[in-house]
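Structural overview
So you can see what is in the structure, the chains are spelled out below.
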Amino acid sequence: MGYLDIEHLYFQYSSKRMILKDINLSINQGEWIAILGHNGSGKSTLAKLIVGLLQPKEGRITVDGVDLLPENVYDIRKKIGIVFQNPDNQFVGVTVRDDIAFGMENLQVSKDDMLKKIDFYATKVGMQNFLDKEPSQLSGGQKQRIAIAGILAMQTDIIIFDEATSMLDPGSRAELMEYIKELHQEGLTIIMITHDIEEALYADKLVILKSGEIYQQGDIPTLLKHPEWFKEAYLELPTAIQIYYDLKQAGHDNQELEEYLWAFSSSK
């Protein structure tokens, strides 16, 4: 049993098509899991089910040994936070300070503790000088950092990043990935929902969704040795690995080149 367990999970928005089919997944505390899939594979739907924004048709989700049910969803959300693709959808306050405070207000954190946590977590994400700014004045990367600060201030055990980098420019994207890496090194459990294999390389474990089902899962070096799995799931391999397989297929089997390309790809 993991800290988060998903057993025989099914979900559909209508009676016509099942979006998720028999999902079984166990995530341990402190792990970084990347859930990778093509558009329409069901990965964002899975994220919403994990935080109780949607209810499954069948199956069970447990967090720290407790079943996720409508009657305890708010207690579960004290343990799991989510950062969405568009941070504008998460802003509710007039200022950055208000937004970081929002989740803590729902948890009835005392005013003194709240003020300390706002300063602490704003500093932690490098946004301490923006507390009195309006969210609309921030860049995409800055908005994502504020969204993360709000989740961190609630002191959740797990953070889900649901396509959180997809609207960022390359610089902000790289910056955010490095920050997520730091959070993981501090022991936070990370679930990253993405269609980008380059981002997935940061994770400890990779789960590949295909048409609403778990197609493959395991450690990344093992999965990367099977390029056909990625092709069958409509996903592209990391550039360096694809070059290696293209050269190998063309008859250029070079051990030194293989080691270099694998090292380059895994240097995340």
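Everything here concerns the structure above.
Here we summarise the structure given alongside this text.

Calculation notes
Residues numbered from 1 in each chain as written. Predicted model: local features only at pLDDT ≥ 70, side-chain atom pairs only at ≥ 80, totals over all residues. Heavy atoms only, no water. Helix = DSSP H or I, 4+ residues; strand = E, 2+ residues; numbered from the N terminus. Rg over C-alpha atoms; globule rule 2.2 N^0.38 Å. Buried < 20%, exposed > 50% of the residue type's maximum accessible area, 1.4 Å probe, protein only. Contact = heavy atoms within 4.5 Å. Axes fitted to C-alpha atoms, helices over the stretch in contact; angles between N-to-C directions. Left-handed = near helix turned anticlockwise from the far one by under 90°. Nonpolar A, V, L, I, M, F, W, Y, C, P; charged D, E, K, R; others polar. Pairing = 2+ DSSP bridges. Lys, Arg positive; Asp, Glu negative; His and termini not counted. Salt bridge = Lys/Arg side-chain N within 4 Å of Asp/Glu carboxyl O. Core = buried A, V, L, I, M, F, W, Y, C linked by side-chain atoms within 4.5 Å. 1 Å grid on protein atoms, 1.4 Å probe; cavity = no way out; pocket = protein on both sides within 12 Å on 5 of 7 lines; lining within 4 Å. Points joined across faces, edges and corners; volume = space filled by probe spheres on them.

Moving on: the overall build of the protein chain. The helix and strand tally for the protein chain stands at 11 helices and 10 strands. Here the protein chain has a C-alpha radius of gyration of 20 Å; the compact-globule value for 268 residues is 18 Å, and the two agree. When its C-alpha atoms are laid out on the principal axes, the protein chain stretches across 65 × 45 × 30 Å. For the protein chain, buried positions account for 48% of its 268 residues. Within the protein chain, counting contacts between residues at least 6 apart in sequence, those at least 24 apart form 65% of the total.

Looking now at the packing of helix 3 (residues 96-106) against helix 5 (residues 140-153). Following both chains from N to C, one finds helix 3 and helix 5 inclined at 35°, their axes separated by 8 Å at the closest point. The element helix 3 and its partner helix 5 pack so that their crossing is right-handed. The segment helix 3 lies against helix 5, with Val-96, Asp-99, Ile-100 and Met-104 engaging Ile-146, Ala-149, Gly-150 and Ala-153. Considered class by class, the residues forming the contact of helix 3 with helix 5 number six nonpolar, one polar and one charged.

Those residues of helix 3 that fall on the buried side of the exposure criterion are Val-96, Asp-99, Ile-100, Ala-101, Gly-103 and Met-104. Contact partners of the buried residues in helix 3: helix 4 (111-124) and helix 5.

Sheet architecture is open: four strands sit in the order 2-1-4-5, paired in antiparallel fashion. Two strands in the sheet have a free side with no partner beyond their single neighbour: strand 2 (20-27) and strand 5 (66-67). Note: strand 1 (residues 4-11) against strand 2, five bridges, orientation antiparallel. What sits directly across from Ile-6, in strand 2, is Leu-25.

Below, the discussion takes up the side chain of Asp-99. Mapped onto the elements, Asp-99 comes out in helix 3. Buried within the structure, Asp-99 lacks any salt-bridge partner; its nearest side chain of opposite charge belongs to Lys-143, at an N-O separation of 10.0 Å. The contact partners of Asp-99, leaving out residues within four places of it in the chain, are Gln-90, Phe-91, Val-92, Gly-93, Pro-135 and Ile-146.

Grouped together as the largest cluster of nonpolar side chains are 54 residues, with contacts concentrated most on Ile-100, Ile-148, Leu-152, Phe-161, Leu-206 and Phe-230. Looking at which element gives the most residues to this core, the answer is helix 5, with seven residues. Those residues within four positions of Leu-206 in sequence are excluded, and the remaining contacts are Ala-34, Leu-36, Ile-197, Ala-200, Gln-216, Gln-217, Gly-218, Ile-220, Leu-223 and Phe-230. In this structure, Leu-20, Ile-23, Ala-47 and Ile-158 belong to the second largest nonpolar core, which totals 31 residues.

Another point: the layout of surface pockets. Estimates place the volume of the largest pocket at around 650 Å³. Lining the largest pocket are 24 residues, with Gln-90, Phe-102, Gly-103, Ile-151 and Met-154 positioned closest to its centre. Where the lining of the largest pocket is concerned, the elements lending two or more residues are strand 6 (80-83), helix 3 and helix 5. With five residues, the single largest contributor to the lining of the largest pocket is helix 3. Residue composition of the lining of the largest pocket, grouped by class: 15 nonpolar, six polar and three charged. As a volume, the second largest pocket reaches approximately 170 Å³. Lining the second largest pocket are Leu-36, His-195, Asp-196, Ile-197, Glu-198, Leu-235, Glu-236, Leu-237, Pro-238 and Thr-239. Partitioned by chemical class, the residues of the lining of the second largest pocket number five nonpolar, two polar and three charged.

This is a description of form; function is not addressed.
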